Amino acid sequence: MDDVLRPLLVIGGTVTLTLVIGWLIDRTLRIADARHSETRIWGLLRRCQLPLQVLLASAAVQITYDLFDLELRRNDVVHNVLATVTIAAAGWLAIRVADAVAENVLTRYAARTDDQSRVRQFHTQLVMLRRVVTTVLAVVAAAVAILLVFPDLRALGTSMLASAGVIGIIAGVAAQSMLGNLFAGLQVAFGDSVKIGDTVVVEGEWGTVEEISLAFLTVRIWDDRRLTMPVSYFNSKPYENWSRGGHEITGTVFLYLDHSTPVPALRKHLQEYLLGRKDWDGRSWSLVITDTTPTTIQVRAAMSARNADDVWTLRCAVREELIGWLRDHHPYALPRVATGPAAPPPAPEL
């Protein structure tokens, strides 16, 4: 009975003590977060409670297991499991801490600058760095676990290292596409060609860059569909980036009207309408005849906006307004079949 009760009491007491320590650490972080509102680091570090708790419990159980000379049937298995959990928890904790620090740095950087383009670029670079750091930490934790916990595999590791050159060549040839995307992802992150939040037109689809990983880039299309593409695409093929060089953009609306259209009156109405629109940034506007055919003229209305979302809304509103105004005040200006009866133009003012 003592062989069962004693290990349970020791291990249970150790785990309980680590839970209390973890609660005290979380409580301290909560107080620090409330007192230091100028930074988010203390609140972000509270996300590390679970991996910290696992790390404390596994490490403490290992110490007390040897300290109290506990003996179970499979001591080697118990030691290997505890060591593996400790190493995995340490890697998990390091990843969480890195994420918290990166998010805090991004928040402080965004608060210091009004240039959203730089903020998105920095965000993209941090996301890529976090993915690289996570991958490296996971590989290192797995390697440490294999070398320390399973010493029988060291001979296998030595033989693998001896043939690393041949394996590297074979892997490089086999994973050529994957490695190309990996380096393309790093180039995109630090080359400032496309960033998270940019408005792009890719393969005829208009959307916003939602996520950039080491291999793939996700574009959220205007109708909430997701277009996932390899990162290497953005280094090898042309695409439109409406956010590069600034968010401002000029939209156009084309109308096909009759030759009798009162263009000066239509131009004046467009100006009056734009003055009442909040999505027009006031930079520029115009209305000109850009083409003519035997039956119609092509009228182009151009107006500027602060970003791609505003210019889309403004284009639709201007198109609807101009067509409605012509229908109500100058119906003869709308295109019609040449053999159909035409509405007479208005009499000249005396």
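Because the structure is a prediction, the values reported are computed rather than measured.

Moving on: empty space enclosed by the protein. Evaluated as defined, the whole model comprises one cavity of 30 Å³ or more. What lines the largest cavity is simply A102, E103, L106, H123, L126, V127 and R130. Where the lining of the largest cavity is concerned, the elements lending two or more residues are α4 (75-112) and α5 (116-149). Per-element accounting of the lining of the largest cavity gives the leading share, four residues, to α5. Across the lining of the largest cavity, the residue classes tally to four nonpolar, one polar and two charged.

Right, let's get into the sheet that holds strand β6 (residues 249-257). What the three strands build is an open sheet, ordered β6-β8-β7; its pairing is antiparallel. The two strands at the open ends of the sheet, each matched to only one other strand, are β6 and β7 (285-292). Sheet twist, expressed as the mean angle between neighbouring strand axes with direction ignored, is 25°. In the sheet, β7 pairs with strand β8 (residues 297-305) via seven bridges, with the strands oriented antiparallel. What sits directly across from V288, in β8, is R300. Packed onto the sheet, helix α11 (residues 308-329) meets β6, β7 and β8 and runs at close to 25° relative to β6.

Let us now look at the sheet that holds strand β5 (residues 240-241). Taken together, the five strands give an open sheet; going across it, the order is β4-β3-β2-β1-β5, and neighbouring strands pair in antiparallel fashion. Two strands lie at the open edges of the sheet, namely β4 (226-230) and β5, each paired on one side alone. Bridging between strand β1 (residues 199-202) and β5 involves two bridges; their strand directions are antiparallel. Bridge assignment links V201 to a residue of β5, and that residue is E240.

Turning to the nonpolar core, a few remarks are in order. Core analysis: the biggest nonpolar cluster contains 22 residues, and L266, L287, M303, V318 and L322 have the highest contact counts within it. Elements with a contribution of two residues or more to this core: β6, α10 (263-275), β8 and α11. Residue contributions to this core peak at six residues, all from α11. Filtering out sequence-adjacent residues up to four positions away, V318 remains in contact with V253, L270, Y273, L274 and M303. Membership of the second largest hydrophobic core comes to 14 residues, among which are V200, V209, I212 and F234.

Here α10 is 13 residues long and its end C-alpha atoms lie 19 Å apart, about the 18 Å a rise of 1.5 Å per residue gives. Within α10, the full set of buried residues consists of V263, L266, H269, L270, Y273 and L274. Summarising the axial view, the buried residues of α10 lie within an arc of 135°, below the 170-degree limit, and thus occupy one face. The exposed set on the far side of α10, more than 90 degrees from its buried face, consists of P264, K268 and L275. Next to the buried residues of α10 lie β6, β7, β8 and α11.

A few words now on the pairing of strand β2 (residues 205-212). Sheet analysis places β1 next to β2, joined by four bridges and oriented antiparallel. Considered in β2, the bridge of V200 is made with G207. Counting the residues between successive antiparallel strands, the hairpin from β1 to β2 contains two residues, one of them, E203, with a positive phi of roughly 50°. Relative to strand β3 (residues 216-221), β2 runs antiparallel, the two sharing five bridges. By the bridge assignment for β3, I212 is matched with L217.

It is worth spelling out the packing of α10 against α11 at this point. When two helices pack together, their arrangement is given by the angle between their axes and by how far apart the axes lie. With their axes 11 Å apart at the nearest point, α10 and α11 run at an angle of 135° to one another. On the basis of the axis angle, α10 is oblique to α11. The two elements α10 and α11 meet at a crossing, and its hand is right-handed. Contacts from A265, L266, H269, L270, Y273 and L274 in α10 reach L314, A317, V318, E321, L322, W325 and L326 in α11. A breakdown of the residues in the contact of α10 with α11 according to their chemical character gives 11 nonpolar, one polar and one charged.

This part is about the layout of surface pockets. Size it by volume and the second largest pocket reaches roughly 160 Å³. Every residue along the wall of the second largest pocket is listed here: W206, W222, W242, I249, T250, G251, T252, A308, V311, W312 and R315. Considered class by class, the residues forming the lining of the second largest pocket number seven nonpolar, three polar and one charged.

Looking now at α11. With 22 residues, α11 should cover 32 Å at 1.5 Å per step; its first-to-last C-alpha distance of 31 Å lies within 8% of that length. Three or more residues of α11 are buried, namely A308, D310, V311, L314, A317, V318, L322, G324, W325 and L326. Buried positions along α11 lie against β1, β2, β6, α10, β7 and β8. With a side-chain oxygen lying 2.8 Å from the backbone nitrogen of D310, the N-terminal cap of α11 falls on N307.

The rules we used
- Residues numbered from 1 in each chain as written.
- Predicted model: local features only at pLDDT ≥ 70, side-chain atom pairs only at ≥ 80, totals over all residues.
- Heavy atoms only, no water.
- 1 Å grid on protein atoms, 1.4 Å probe; cavity = no way out; pocket = protein on both sides within 12 Å on 5 of 7 lines; lining within 4 Å.
- Points joined across faces, edges and corners; volume = space filled by probe spheres on them.
- Helix = DSSP H or I, 4+ residues; strand = E, 2+ residues; numbered from the N terminus.
- Nonpolar A, V, L, I, M, F, W, Y, C, P; charged D, E, K, R; others polar.
- Pairing = 2+ DSSP bridges.
- Axes fitted to C-alpha atoms, helices over the stretch in contact; angles between N-to-C directions.
- Contact = heavy atoms within 4.5 Å.
- Core = buried A, V, L, I, M, F, W, Y, C linked by side-chain atoms within 4.5 Å.
- Buried < 20%, exposed > 50% of the residue type's maximum accessible area, 1.4 Å probe, protein only.
- Expected span 1.5 Å × (residues − 1).
- Arc of directions from axis to C-beta.
- Parallel < 35°, antiparallel > 145°, perpendicular 65-115°, else oblique.
- Left-handed = near helix turned anticlockwise from the far one by under 90°.
- Polar contact = N/O pair within 3.5 Å; in protein donor to acceptor, adjacent residues only side chain to side chain.

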